[in-house]
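Tertiary structure, described
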Amino acid sequence: MTIRNVYLDCEFLPADPSTRGLVSIGLTDDQGVDYYAVNRDFDMKAFKKIPFMMDNVWPSLPKPHGDVRLHGKWPRLDLGHPSVKTVPTIAQDIADYFAATDAETTHLWAWYGGQDICRLHSLWDNDWSRMPSQIPQWFNELETLRWQAGNPAMPEQPSGLHNALADAKHNRAMHHFLLHIGQTA
């Protein structure tokens, strides 16, 4: 049986499980096929009230003039950037991403991913009857795999922390690291 491993990460507003709370989503697989999108309609007002989001997530989001403040104001999201999309477009792109495989099954992996899979499913209002069948309904938790391997120190993420795609790629690196430990133990 052929298996496709897909790694997920989302940046989101913790108190808003709706699509207005989804800031960005990143997916990558073992072949390096990537998907990254920023929700053009996330709740920017709520986002700006959370110092962690402004300090850690905002720097990686596309802005027309970078992080330079103009007239003392925070820059706006670059709505013309190709990664900035509407929720229906993101949902269709992700359905296409998961459908584009010859693998017989797809395993979804995330690091402390309960919120991430909820954000993924929120693209279809958390209604599995509406969600395309190729979207996984459950995920594998990398922290569980780490615990089973004896809680080893994990590789440091080289860059891009709190960028959904960079974090998804690091999830892939951690998974490969944990698989290697299992093979050498």
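Now for a description of the structure that goes with this document.

A look at the side chain of Ser83
- On the secondary structure map, Ser83 appears in the loop between strand 4 (64-67) and strand 5 (84-85).
- Judged by its relative accessible area of 10%, Ser83 is buried.
- Among the polar contacts made by the side chain of Ser83, one reaches the side chain of His81 at a distance of 2.8 Å.
- Among residues more than four places away in sequence, those in contact with Ser83 are Tyr36, Ala37, Val38 and Pro62.

Quick look at the state of the cysteines
- The full count for this structure, using the stated rule, is zero disulfides.
- Free cysteine Cys10: the closest other cysteine sulfur is in Cys118, separated by 9.9 Å.

Focus on the sheet that holds strand 5
- Across the sheet, which stays open at both edges, the six strands sit in the order 5-3-2-1-6-7 with mixed pairing between neighbours. Of all the strands in the sheet, the pair left with one neighbour each is strand 5 and strand 7 (140-141).
- Pairing between strand 3 (residues 34-39) and strand 5: two bridges, direction parallel. Across the sheet, the residue bridging to Asn39 is Lys85, located in strand 5.
- Helix 3 (residues 87-99) contacts strand 1 (3-12), strand 2 (22-29), strand 3, strand 5 and strand 6 (105-110) of the sheet and is inclined by roughly 165 degrees relative to strand 3.

So, the pattern of salt bridges
- The full count for this structure, using the stated rule, is six salt bridges.
- Across the pair Asp34 and Lys169 runs a salt bridge whose closest N-O atoms are separated by 3.2 Å. Of the two residues, Asp34 is situated in strand 3 and Lys169 in helix 6 (residues 164-184); the sequence distance between them amounts to 135 residues.
- The exposure class of Asp34 is partly exposed, given its relative accessible area of 33%.
- The partner of Asp93 in a salt bridge is Lys85, with the nearest N and O atoms 2.7 Å apart.
- Using a relative accessible area of 21% as the deciding quantity, one classes Asp93 as partly exposed.
- By relative accessible area, which is 19% here, Lys85 ends up buried.

With respect to unusual backbone geometry
- Non-glycine residue Tyr112 carries a positive phi angle of around 50 degrees.
- Considering the arrangement of structural elements, one finds Tyr112 in the loop between strand 6 and helix 4 (114-122).
- Since its relative accessible area comes to 53%, Tyr112 is described here as exposed.
- The phi dihedral of His162 falls on the positive side, at around 75 degrees, and the residue is not glycine.
- Take His162: it is sitting in the loop between helix 5 (142-148) and helix 6.

About the thresholds
Residue numbers here run from 1 along each chain, matching the order of that chain's written sequence. Local features are withheld for residues below a pLDDT of 70 in this predicted model, meaning they are given only at 70 or higher, and side-chain atom pairs are given and counted only at 80 or more; totals for whole chains, interfaces and linings count all residues. Side-chain descriptors were evaluated using all non-hydrogen atoms of the structure, hydrogens and water having been removed beforehand. Working definition: helices are DSSP H or I runs of at least four residues, strands are E runs of at least two. Numbering for both runs from the N terminus. Burial here depends on accessible area, computed with a 1.4 Å probe over protein chains only, as a share of the maximum for the residue type. Under 20% is buried, over 50% is exposed, and the range in between is partly exposed. Pairs of N or O atoms within 3.5 Å make up the polar contacts considered here, provided that, within protein, one atom can donate a hydrogen while the other can accept it, and that residues adjacent in sequence are counted only when both atoms are side-chain atoms. Any two residues whose heavy atoms approach within 4.5 Å at even a single point are treated as in contact. Whenever a pair of cysteine sulfur atoms sits within 2.5 Å, that pair is classed as a disulfide. By definition, two strands form a pair when at least two bridges between them are found by DSSP. To obtain each axis, a line is fitted to C-alpha atoms, and for helices this fit is confined to the stretch in contact; angles are then taken between N-to-C directions over 0 to 180 degrees. We define a salt bridge as a contact between a side-chain nitrogen of Lys or Arg and a carboxyl oxygen of Asp or Glu at a distance within 4 Å.

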